[in-house]
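Below, each chain spelled out in residue letters.
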Amino acid sequence: VVIARGHDSDDPTIAVETEYALAPGARAVRITSTVTNGGKQALSKFAIGDAVDWGRAERFVPHKGLDVAGRVNVDAGWMAGFGDDVAYAYAVADGPLDSRNDWEWTDFNTQLVDLPPGASAKVVRWLVVGSPTDTSMYEALATLRKARWSRLTGRILEEASGAALAGAYVSFDDRDGPAALTRSTLQGYAVLLPA
């Protein structure tokens with residue numbers, strides 16, 4: 001467990017304590033922030049969340065795909081980044097995510113809270129880490145969201161030679177758009193998909 005304590009960047013009377021906890025063998029870091037209004041005025045619809053810089057990873061938004069800009073409400077409750085050797089997701093256990101997106105970053109408002117003077121609110125969200133070529137990230141997301149997802153496997157072959165292709169992005173779409181993304185290896189691909 002790592003605990004960071006400080007205050008809001010605009011108002012030093014708003015105390016913020018954030019705990020980062022990783023259970024043994026887990027793929028998901030639990031991020032719990034406690035925000036306390038130490039001021040004399042009530043706070044209305046105070047946004048608690050995180051800023052994520054996707055770095056060299058390609059951002060994937062369920063039902064939107066890889067190319068996202070502006071304010072987006074993500075009903076799936078998670079957003080992922082796919083890099084060369086890692087995939088990671090920012091997620092909440094229940095409900096949607098409110099996000100503001102530019103080409104390389106996302107600002108998440110995980111929860112809006114009303115805080116009278118002296119009151120506190122706790123907000124929990126998760127950072128899930130896995131591989132871009134297996135089901136590890138999706139397994140952790142399904143567990144967090146308490147959902148049963150189905151496993152799908154296959155292979156990508158070069159048409160002329162029949163040789164297996166590694167490194168191909170494989171997108172799985174439903175009626176609402178891309179539901180999941182993975183990358184193929186020489187052995188094939190595997191993904192977990194929402195019902």
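Data block above holds the structure.
Quantities reported herein were computed from a predicted structural model and do not represent experimental measurements.

A. Quick peek at the overall build of the protein. Regarding its fold elements, the protein presents 1 helix and 15 strands. With respect to the principal axes defined by its C-alpha atoms, the protein has extents near 70 × 35 × 30 Å. Looking at the 195 residues of the protein, the share that counts as buried comes to 43%. For the protein, restricting intrachain contacts to residue pairs at least 6 apart in sequence, the fraction spanning at least 24 positions comes to 58%. Put simply, the protein shows about 10800 Å² of open surface, and 50% of that area lies on carbon and sulfur atoms.

B. Looking closely at the packing of aromatic side chains. For the structure on display, the rule yields 8 aromatic pairs. Centre to centre, the rings of Trp-78 and Tyr-138 are 5.9 Å apart; their planes meet at 80 degrees, and the pair counts as edge-to-face. With a gap of 60 residues between them, Trp-78 in strand β7 (residues 78–82) and Tyr-138 in helix α1 (residues 136–144) connect regions that are remote in the sequence. Ring geometry for Trp-78 versus Trp-149: centroids 6.5 Å apart, planes at 45 degrees, classification tilted.

C. Representation of the nonpolar core. Judged by nonpolar contacts, the single largest core of 25 residues is most densely connected at Trp-78, Phe-82, Val-128, Met-137, Tyr-138 and Leu-141. Top element by residues in this core is α1. It accounts for 6 residues. Leave out the neighbours within four places in its chain, and Phe-82 touches Arg-56, Ala-57, Glu-58, Phe-60, Ala-87, Pro-132, Met-137, Tyr-138, Tyr-169, Leu-181 and Thr-182. Of all hydrophobic cores here, the second largest spans 13 residues; its members include Val-74, Met-79, Tyr-88 and Val-92.

D. Quick look at the environment of Asp-134. When you line up the elements, Asp-134 lands in the loop between β11 (120–130) and α1. For Asp-134, a relative accessible area of 30% gives the class partly exposed. Sequence-wise, Asp-134 and Ala-190 are 56 residues apart; in three dimensions their C-alpha atoms are separated by 5.5 Å. Here Asp-134 is in contact with Thr-182 and Ala-190, once residues within four sequence places are set aside. Within the local environment of Asp-134, its side chain forms a polar contact with the side chain of Ser-136, the two groups lying 2.6 Å apart.

E. Quick look at a nonpolar patch on the surface. Together, Val-86, Leu-127 and Val-129 give the surface a local cluster of nonpolar side chains, amounting to about 180 Å² of exposed area. Among the secondary structure elements, Val-129 is positioned in strand β11.

F. A look at the environment of Val-129. The exposure class of Val-129 is partly exposed, given its relative accessible area of 35%. The residues touching Val-129, leaving out its near neighbours within four places in the chain, are Arg-27, Val-86, Ala-87 and Tyr-88.

G. A look at the pattern of salt bridges. Per the counting criterion, the structure on display carries 6 salt bridges. The salt bridge involving Glu-19 is made with Arg-30; its shortest N-O contact spans 2.8 Å. Pair noted here: Glu-19 is in strand β2 (residues 14–21) and Arg-30 is in strand β3 (residues 28–37), with a separation of 11 residues, a long-range link. When its relative accessible area of 24% is taken as the criterion, Glu-19 is described as partly exposed. A cluster of three or more residues bridged by salt bridges with shared partners is formed by Arg-71, Asp-98 and Arg-100.

H. Spotlight on the sheet that holds strand β6 (residues 70–74). The 4 strands are arranged β4-β10-β9-β6 in an open sheet whose pairing can be described as antiparallel. The open sheet has two free edges, formed respectively by β4 (43–53) and β6, since each of these has just one partner strand. Adjacent strand axes in the sheet meet at a mean angle of 30 degrees, parallel and antiparallel pairs treated alike. Taken together, the 5 bridges between β6 and strand β9 (residues 97–101) define a ladder with antiparallel strand orientation. For Gly-70, the partnering residue across the bridge sits in β9 and is Asn-101.

Conventions used here
Note that residues are indexed from 1 along each chain, following the sequence as it is written. Reporting in this predicted model follows two pLDDT cut-offs: at least 70 for local features of residues, and 80 or more for side-chain atom pairs to be given and counted; totals over whole chains, interfaces and linings ignore these cut-offs and use all residues. In computing side-chain properties, one takes all heavy atoms of the structure into account and sets aside hydrogens as well as water. Each helix is a run of H or I in the DSSP string that is no shorter than four residues. Each strand is a run of E no shorter than two, and both are numbered from the N terminus. Any residue under 20% of the maximum accessible area for its type is buried, any over 50% is exposed, and the rest in between are partly exposed; the area is computed with a 1.4 Å probe on protein chains only. Contacts are assigned to residue pairs with any non-hydrogen atoms lying within 4.5 Å of each other. Per-residue and other accessible areas were derived by the Shrake-Rupley procedure at a 1.4 Å probe size, with only the shown protein chains allowed to occlude residues. Pairing of aromatic rings covers Phe, Tyr and Trp, the last through its six-membered ring, and needs centres within 6.5 Å; plane angles under 30 degrees mean stacked, over 60 mean edge-to-face, and all others mean tilted. Among buried residues, those of type Ala, Val, Leu, Ile, Met, Phe, Trp, Tyr and Cys that are joined through side-chain atoms within 4.5 Å constitute a nonpolar core. Here a polar contact means two N or O atoms within 3.5 Å. Within protein one must be a hydrogen donor candidate and the other an acceptor candidate, and residues neighboring in sequence count only if both atoms are side-chain atoms. Only residues whose relative accessible area exceeds 30% and that form no salt bridge enter a patch; like-charged residues are grouped when within 9 Å of one another, and nonpolar side chains (Val, Leu, Ile, Met, Phe, Trp, Tyr) when within 5 Å. What counts as a salt bridge is simple: a side-chain nitrogen of Lys or Arg found within 4 Å of a carboxyl oxygen of Asp or Glu. Think of it this way: DSSP has to see at least two bridges between two strands before they count as a pair. Between N-to-C directions, angles cover 0 to 180 degrees, with each direction set by a line fitted to C-alpha atoms, over the stretch in contact for helices.

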